[in-house]
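So the chains spell out like this:
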Amino acid sequence: QVQLVESGGGLVQAGGSLRLSCAASGGTFRSYAMGWFRQAPGKEREFVASINLSFGSTRYADSVKGRFTISRDTAKNTVFLQMNSLKPEDTAAYYCAAVYGSSTYVRPENYDYWGQGTQVTVSS
């Protein structure tokens with residue numbers, strides 16, 4: 001059973017940066033793909049970024065391209081989301097998710113394992 005624990009959320013002013021971390025345990029790290037999703041109050045969960053943990057290939061939502069970077073540290077079984085040039089509309093609970101295999105899915109229903117989430121609030 002894969003377990004995911006997010007950290008790194010907080011309150012930041014518009015234009016600032018945060019780095020989220022997702023520590024994984026309970027599986028062979030490189031055998032999975034992982035994604036970051038976010039959900040604002042009253043809205044559906046939306047895709048942010050995903051990464052193939054074996055090859056490092058990535059995918060991004062258009063709304064975050066050029067501002068966010070997803071990466072992995074295979075030695076630490078951890079995936080990161082570096083968020084720069086943050087905007088108030090980035091405010092949401094951010095979740096990491098994992099699925100066995102190499103596909104960097106964008107739909108949340110394709111992922112089998114989820115973390116508890118970490119809140120990101122961007123003030124204007």
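Quick note: structure is the one above.
Here goes a summary of the coordinates provided. (Residues numbered from 1 in each chain as written. Predicted model: local features only at pLDDT ≥ 70, side-chain atom pairs only at ≥ 80, totals over all residues. Heavy atoms only, no water.)

1. Here we look at the side chain of Thr104
Okay, step 1: Looking at the secondary structure, you find Thr104 in the loop between strand E9 (92-100) and strand E10 (113-114).
Okay, step 2: Residue Thr104 is classed as buried on the basis of its relative accessible area of 12%.
Okay, step 3: Setting aside its immediate chain neighbours within four residues, Thr104 contacts Ser50, Ile51, Asn52, Ser57, Arg59 and Tyr111. (Helix = DSSP H or I, 4+ residues; strand = E, 2+ residues; numbered from the N terminus. Buried < 20%, exposed > 50% of the residue type's maximum accessible area, 1.4 Å probe, protein only. Contact = heavy atoms within 4.5 Å.)

2. Points about the pattern of salt bridges
Okay, step 1: This model, assessed by the stated rule, comprises five salt bridges.
Okay, step 2: The salt bridge partner of Arg38 is Glu46, with a shortest N-O separation of 2.5 Å.
Okay, step 3: Judged by its relative accessible area of 5%, Arg38 falls in the buried class.
Okay, step 4: Arg67 serves as the salt-bridge partner of Asp90, at 2.7 Å between the closest nitrogen and oxygen. Residue Asp90 is found in the loop between strand E8 (78-83) and E9, and its partner Arg67 is found in the loop between strand E6 (58-60) and strand E7 (68-73); the two are separated by 23 residues along the sequence.
Okay, step 5: Residue class for Arg67 comes out buried when judged on its relative accessible area of 10%. (Salt bridge = Lys/Arg side-chain N within 4 Å of Asp/Glu carboxyl O.)

3. Observations regarding empty space enclosed by the protein
Okay, step 1: Under the criterion given, the structure shown has one cavity of 30 Å³ or more.
Okay, step 2: What the largest cavity holds in volume is close to 70 Å³.
Okay, step 3: In terms of lining, the largest cavity is formed by Val2, Leu4, Ala24, Ser25, Gly27, Thr28, Phe29, Tyr32, Met34, Leu53, Asn77 and Ala98.
Okay, step 4: Those elements that provide at least two residues to the lining of the largest cavity are strand E3 (18-25) and strand E4 (32-39).
Okay, step 5: Of the residues contributing to the lining of the largest cavity, the split by class is eight nonpolar, four polar and no charged. (1 Å grid on protein atoms, 1.4 Å probe; cavity = no way out; pocket = protein on both sides within 12 Å on 5 of 7 lines; lining within 4 Å. Points joined across faces, edges and corners; volume = space filled by probe spheres on them. Nonpolar A, V, L, I, M, F, W, Y, C, P; charged D, E, K, R; others polar.)

4. Notes on the pairing of E9
Each regular strand displays side chains that alternate between the two surfaces of the sheet.
Okay, step 1: Within E9, eight of the nine residues are buried, which leaves it mostly tucked inside the rest of the structure.
Okay, step 2: Relative to E9, E4 is paired through eight bridges, and the arrangement is antiparallel. Residue pairing for E9: Gly35 is matched across the bridge by Ala97.
Okay, step 3: Pairing geometry for E9 and strand E11 (residues 118-123), over three bridges, is antiparallel. Considered in E11, the bridge of Ala92 is made with Val120.
Okay, step 4: As paired elements, E9 and E10 share two bridges and run antiparallel to each other. Bridging across to E10, Ala98 finds its partner in Tyr113. (Pairing = 2+ DSSP bridges.)

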